[in-house]
Structure formats: structure tokens, C-alpha cells
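Letter by letter, the chains look like this.
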Amino acid sequence: MNKLIQIEDDHFHDHCGVFGIYGREGAAKLTYLGLYALQHRGQESAGIASTDGVDLHAHKALGHVQDIFTPAVIAQLPGGAAIGHTRYSTAGDTSVMNAQPVVIECNKGKIALAHNGNLTNAIEVRRRLEHRGSIFQTTSDTEVIVHLIARSAARNLSGAIADALNQVEGAYSLLLLTRDEMYAIRDPRGFRPLCIGRIDGAWAAASETCAFDLIDAEYVREVEPGEMVRISRGGVESIRFAPEKAHQYCIFEHVYFSRPDSLVFSRPVNESRERLGRLLAREHPVEADLVTPVPDSGVPAAIGYAAGSGIPFRMALIRNHYVGRTFIEPDQAIRDFGVKLKLNPVRRMLEGKRVVLVDDSIVRGTTSRKIVRLVREAGAVEVHVRISCPPTISPCYYGVDTPRREELIAANQSVDEIRQFLGADSLGYLSLDSLRAAVDDNDGKFCTSCYTGSYPTELVQLEVEAHRES
């Protein structure tokens, strides 16, 4: 029998994407389209919950959005409001039981919850809840929130949500659906993005604005950190549920995660990435014949590098967009088959050329090493690697699937040692100051923990320091 094997992927993995709509009949169909636009944020599972005003209807499964939500499935999700979720596991196992939205029935009514982020005190809170008799159905940290809502003594749902969220720490952008209301909620530090829009009198909410573009919705604004937006037949209500905290927007959204055509944290992502490239060219100039990106994520920064350096931009690596995360093992072993399956060099562009190879990040370095070798084997005489962010030295604890510190090449080797490992003629990372400048972070509102090892939440910082000392 053919054996499916995993293609190596050396990027940080996207956390999750959420989308919701209220006040539009056939809401599940629009939610399907919204999730389709957010597929890049999670490819392991997807789910939609809808309401017809009488009951909640839900469907979720492992796989991609377009494979899960056939017309027959969408027809079973009636009503004028719906929320959806695409998932890449950051906490909890990869299984259908951890797919979202999480749907429960409790003393507050029937609730569906979709969560993008990661609760840093989830284990501690879960242990406390289990001690009090709570029975969990999943291993996901999201279920902690619904148990806290169910146990709250608050008289109304918005009060119960506020009560629950003031007991958890970490990153959460949430969409919550009841029989007749939808809530869009963002944690007090604003780690993960969440915005709201309008479409023909209906309200929509999404992780990124690219989801609005697909359904012709108009972007209105971001959900503010620490804000709960309650949407019902009575209109839209803004509720401040937590005290003000220092904002910590995930800067990696602008480096890699978000789609370049999105507006995230009120900034155009593509503009940020081109600025990253221009600043990279200023910090790490080199004499070369062409600039080429590692597609697709390296393209905007490579365009910026080419514009900033005056070196011609060329697409000298072509990506096969029809390769998933697994493929059928070939009959004969082929060296670097995974990378060659994804990328193919345009030899006539590379032969005899000095090449600037631009990528968004290096995590373990193994894939970058293979790409450098691929470019050399295609005839390049020099390969100069340029990375549009600083060295990644620490894991993320706020909703991103990252390796342990021991697996991060920049946490354990110098820049020159990494250059030698990659087999590159030179290696240049963007500085932290330039990264902040590229997103106009003049007030320290962006989280840069993966580049500094300094974390904004106390529990994580204490655990990290204890691990380093052990």
C-alpha cells in the first residue's frame, strides 16, 4: 500500500481563524466563504455553528473548509446568524473532538464558542474546575471558558462572559453565538486580531479583513482590546469587560501569519512587509544580480528588498500550490523530495548569478538549508540569505504552534554558525528596531517575545525563567 508521509514545514504554524455573521439569512453559506478566506490560519479542522432563533445547529470535522462544507452540509445549518472556526492545534490534540466551535447547553442557554489564541493558565483553571466536578469533553483550552461561563453567578450572559474571562490569562479573540445574539470579544492585551464589518445591514466579525472582501462586506473597525461587542436585534453594544492593560499585538501577524491583502491591527499587511524588505536592504546590502523570494510568504519582503537595493526582482523559485501537508511516498527515495515537490528553481534565471534569497523567518533551519542547496544546484554562484525579521529565539505561548527553545536554531547558534549550516555566502536578519519601525510601533504596542524571550504575562515569564535555570 502507498504510504502518506509528512512534508517538512519549517514555519511557525498559524493559530486559528474565526468568522461570524449576524442578521443575514443563509448565514452559514457566508460563514463558509469567510472561513475559506481564512483557511491559511488553520488547516487541521473546521466547524460552523448557526442559529435559526430556536436552536443551534453545528457541524465540524477534520480537513479543509471546502471538503467539509458541501452544499448538503450547509443546508443543515439554517438561520440568520452563524460563527465558524478553522483550527491548527496549539493546545489540545489534533482530533475531531477538539474541532470548534465548542457547543454546550447550560444554565445560560445553548452556547457556541470559537477561539483564536491560547490561555496560559488553562491547565491550572481546568484542574480547579475538575476538582469542583466539571466534566470536560475535549483537551482544548477553549472548553475552560465555557465551563467558567456556565458556573458564573452573574444574572445575564454578558456578565457571565466577563466573569469567566477575568479568570483566564493569555490570548483570546472569541466569537460566541447564542440562539439570538453574537458576541465578538478580544483579550485586554489584544494579542490576536479581530475586526467587525457590515454587509447589507448585517454585521460580520473576522480574524482578518480578507474574509470581508470575499463576501463584499465593509470593514468598520477593530474590536478593541478588552472589549466585548454584543450584536442582537436591538443593535450593537460595546461592553468593556476588563481593566486596561498594555497592548501586545502579535507582530508576527505582519511578518508572516496574515494574508498580505488583509488589514490587521488597523495596518495594511502588504505595506508592512514591503517596508520590512526595504529596511532589510538598508541594513544588509550586498552586490548581487537578482532578488528572489521563497514563495509565497517571502514575496512582499523580496519586492521591498529589490526596491530598496535597486537589484532586479525575479521569481526564480516556483511553488506548486497543489501540494498539501502530506503526499504519497514515491517508490524510490529522492533526496530533499519534500522541498523539490513544493519548489522548483528556474535554472535560466539562476545560472551564473549572485542571488539574494529573501524569506520571512528561519525556525529550525532545516528547510532553509535545503532551499539554499536547491538554488546552488540550479547554478547560482553566490547565495545571500536575507530574513525579514530578527532571529527567533523563544517559543510563543499566545496561540502559535512553535517548537521548543532547544529546536530553534537562533536560540542555540550565532548568526555566522547559522550561515554555515545553511551553506549561504552571507546571512542577514532584520533588526528588532527596524521590525518595530516597519509597523510604526512607536509606543511598544506589539508583542516581540519570540525575538526577545521577554513575555508580557507573569505566569509564562516565571515558567520560562524556571526552565532556563533547570
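Per chain, residues are indexed from 1 in the order of the written sequence. It should be noted that, the model being predicted, local features are given only for residues of pLDDT at least 70 and side-chain atom pairs only at 80 or more, the latter also being counted only at that level, while totals for whole chains, interfaces and linings use all residues. In computing side-chain properties, one takes all heavy atoms of the structure into account and sets aside hydrogens as well as water.

**Regarding the overall build of the protein**
Moving on, step 1. A count of helices and strands for the protein gives 18 helices and 25 strands.
Moving on, step 2. Computed over its C-alpha atoms, the radius of gyration of the protein comes to 23 Å, within 12% of the 23 Å expected for a compact globule of 470 residues.
Moving on, step 3. With the principal axes as the frame, the protein shows a C-alpha extent of 70 × 50 × 45 Å.
Moving on, step 4. Any residue under 20% of the maximum accessible area for its type is buried, any over 50% is exposed, and the rest in between are partly exposed; the area is computed with a 1.4 Å probe on protein chains only. Taking all 470 residues of the protein together, the buried fraction comes to 57%.
Moving on, step 5. Contacts: residue pairs with any heavy atoms within 4.5 Å of one another. Partitioning the contacts of the protein with sequence separation of at least 6, the portion at a separation of at least 24 is 69%.
Moving on, step 6. Summed over its atoms, the accessible surface of the protein is roughly 19,400 Å², and 48% of this surface lies on carbon and sulfur atoms.
Moving on, step 7. In this tally, Lys and Arg are treated as positive and Asp and Glu as negative; His is ignored, and so are the chain termini. The location of each charge is read from NZ of Lys, CZ of Arg, CG of Asp or CD of Glu. Put simply, the protein has 52 plus and 60 minus side-chain charges, and the middle of one group is 1 Å from the middle of the other. In this text, helices come from DSSP runs of H or I with a minimum length of four residues, and strands from runs of E with a minimum of two, each type numbered from the N-terminal end. For the radius of gyration, the atom set is restricted to C-alpha positions; the globular benchmark scales as 2.2 Å times the number of residues to the power 0.38. Only the protein chains shown count as cover for residues, with accessible areas throughout obtained via the Shrake-Rupley method and a probe of 1.4 Å.

**Considerations on helix H9 (residues 269–283)**
Moving on, step 1. Here H9 contains 15 residues, and its C-alpha end-to-end distance of 21 Å stays within 8% of the 21 Å for a straight helix at 1.5 Å per residue.
Moving on, step 2. Looking at H9, one finds that the buried residues are Val269, Ser272, Arg273, Leu276, Gly277, Leu279, Leu280 and Ala281. Multiplying 1.5 Å by the residue count of a helix minus one yields the expected span of that helix.

**Points about the state of the cysteines**
Moving on, step 1. Cysteine sulfur atoms that pair up within 2.5 Å are treated as a disulfide. If you walk through the whole model with that rule in mind, you get 0 disulfides.
Moving on, step 2. With no disulfide of its own, Cys195 lies 8.8 Å from the sulfur of Cys210, the closest cysteine sulfur.

**Points about the sheet that holds strand S9 (residues 182–186)**
Moving on, step 1. Any two strands with at least two DSSP bridges between them are considered paired. Taken together, the 6 strands give an open sheet; going across it, the order is S6-S7-S8-S9-S13-S14, and neighbouring strands pair in antiparallel fashion. Lying at the two open borders of the sheet, with one neighbouring strand each, are strand S6 (102–106) and strand S14 (235–240). Across this sheet, the average inter-strand angle for adjacent strands is 20°, counted without regard to direction.
Moving on, step 2. Where strand S13 (residues 227–232) meets S14, 6 bridges bridge the pair, whose relative direction is antiparallel. Pairing of Arg230 across the sheet is with Glu237, part of S14.
Moving on, step 3. For every element, the axis is a line fit to its C-alpha atoms; helices are fit only across the contacting stretch, and the angle between N-to-C directions ranges from 0 to 180 degrees. Lying on the sheet, helix H5 (residues 142–151) is in contact with S6, strand S7 (109–119) and strand S8 (170–177); it crosses S7 at an angle near 135°.

**So, the pairing of strand S5 (residues 81–87)**
Moving on, step 1. Counting buried positions along S5 gives 7 out of 7 residues, so the element sits mostly inside the fold.
Moving on, step 2. Inspection of the sheet shows strand S3 (residues 45–51) paired to S5 by 7 bridges, in the antiparallel sense. Bridge pairing in S5 places Gly47 opposite His85.

**Structural notes on the pattern of salt bridges**
Moving on, step 1. Each reported salt bridge corresponds to a side-chain nitrogen of Lys or Arg within 4 Å of a carboxyl oxygen of Asp or Glu. Enumeration over the complete set of coordinates arrives at 26 salt bridges.
Moving on, step 2. The partner of Arg179 in a salt bridge is Glu105, with the nearest N and O atoms 3.4 Å apart. Note that Arg179 is positioned in the loop between S8 and S9 and Glu105 in strand S6, a separation of 74 residues in sequence.
Moving on, step 3. Between Asp416 and Arg419 there is a salt bridge, and its shortest N-O distance comes to 2.9 Å. Residue Asp416 and its partner Arg419 are both found in helix H15 (residues 415–422); the two are separated by 3 residues, about one turn of the helix.
Moving on, step 4. You can call Asp416 partly exposed: its relative accessible area is 40%.
Moving on, step 5. Several salt bridges converge on common partners, so that one network encompasses Arg41, Arg192, Glu208 and Glu253.

**Details of helix H13 (residues 366–377)**
Helical geometry: 3.6 residues make up each α-helical turn, so side chains three or four residues apart lie on a common side.
Moving on, step 1. Given a rise of 1.5 Å per residue, 12 residues ought to cover 16 Å, and the 17 Å separating the end C-alpha atoms of H13 matches this to within 8%.
Moving on, step 2. Gly379 sits one or two positions beyond H13 and adopts a positive phi of about 115°.

**Notes on empty space enclosed by the protein**
Moving on, step 1. Cavities and pockets were defined on a 1 Å grid built from protein atoms only: a cavity is a group of points that admits a 1.4 Å probe but offers it no way out, a pocket is an open group of points flanked by protein on both sides within 12 Å along at least five of seven lines, and a lining residue is one with an atom within 4 Å of any such point. Grid points are joined across faces, edges and corners, and a volume is the space filled by probe spheres set on the points. Under the counting rule described, the total for this entry stands at 3 cavities of 30 Å³ or more.
Moving on, step 2. Roughly 110 Å³ of internal volume is contained in the largest cavity.
Moving on, step 3. At the level of secondary structure, the elements contributing two or more residues to the lining of the largest cavity comprise helix H8 (252–257) and helix H17 (449–452).
Moving on, step 4. When residues are sorted by character, Ala, Val, Leu, Ile, Met, Phe, Trp, Tyr, Cys and Pro go into the nonpolar class, Asp, Glu, Lys and Arg into the charged class, and all the rest, Gly among them, into the polar class. Class assignment for the residues of the lining of the largest cavity results in 11 nonpolar, 2 polar and 1 charged.

**Section: a nonpolar patch on the surface**
Moving on, step 1. Side chains of Leu62, Val96 and Met97 sit close together on the surface and give an oily, nonpolar patch of about 250 Å² of accessible area.
Moving on, step 2. Tracing the chain through its elements places Leu62 in strand S4 (residues 56–62). Exposure above 30% relative accessible area and no salt bridge define the residues that can form patches, which grow by joining like charges within 9 Å and nonpolar side chains of Val, Leu, Ile, Met, Phe, Trp and Tyr within 5 Å.

**Focus on the sheet that holds S3**
Moving on, step 1. One open sheet holds the 7 strands; their spatial order is S4-S3-S5-S2-S11-S10-S12, and the pairing between them is antiparallel. The two strands at the open ends of the sheet, each matched to only one other strand, are S4 and strand S12 (218–222). Here the average twist between neighbouring strands, direction ignored, is 15°.
Moving on, step 2. Where strand S10 (residues 195–199) meets S12, 4 bridges bridge the pair, whose relative direction is antiparallel. Along S12, the bridge assignment pairs Ile196 with Arg221.

**Thoughts on the confidence of the model for the protein**
Moving on, step 1. Along the chain, pLDDT gives the predictor's confidence residue by residue, from 0 to 100. Considering every residue of the protein, the mean pLDDT works out to 91; 90% of them sit at 70 or more.
Moving on, step 2. Contacts for the low-pLDDT stretch residues 1–7, under 50 throughout, to residues beyond four places or in other chains number 21 contacts.
Moving on, step 3. Contacts of residues 326–335 to residues separated by more than four positions or lying in other chains number 20 contacts, the stretch itself having pLDDT below 50.

**Observations concerning the packing of helix H4 (residues 122–131) against H5**
Moving on, step 1. For the pair H4 and H5, interaxial distance at closest approach is 10 Å and the crossing angle is 45°. Here H4 is positioned oblique relative to H5, judged by the angle of their axes. Crossing of H4 against H5: the hand is left-handed. In this structure, H4 contributes Ala122, Val125, Arg126 and Leu129 to the contact, and H5 contributes Val144, His147, Leu148 and Arg151.
Moving on, step 2. Classifying every residue of the contact of H4 with H5 by side-chain character gives 5 nonpolar, 1 polar and 2 charged. Here roughly perpendicular refers to angles of 65 to 115 degrees, roughly parallel to angles under 35, roughly antiparallel to angles over 145, and oblique to all remaining angles. Crossing handedness is defined as follows: a turn of the near helix away from the far one that is anticlockwise and smaller than a right angle gives a left-handed crossing, while the clockwise case is right-handed.

**Re the nonpolar core**
Moving on, step 1. Within the largest apolar cluster, 65 residues are counted, with the highest numbers of intra-cluster contacts made by Leu357 and Val385.
Moving on, step 2. Counting residues per element, this core draws most heavily on H9, which supplies 5 residues.
Moving on, step 3. Take the buried Ala, Val, Leu, Ile, Met, Phe, Trp, Tyr and Cys residues and link them wherever side-chain atoms come within 4.5 Å; each set so joined is a nonpolar core. Formed by 31 residues, the second largest nonpolar core is a distinct cluster that contains Ile149, Leu157, Leu165 and Phe241.

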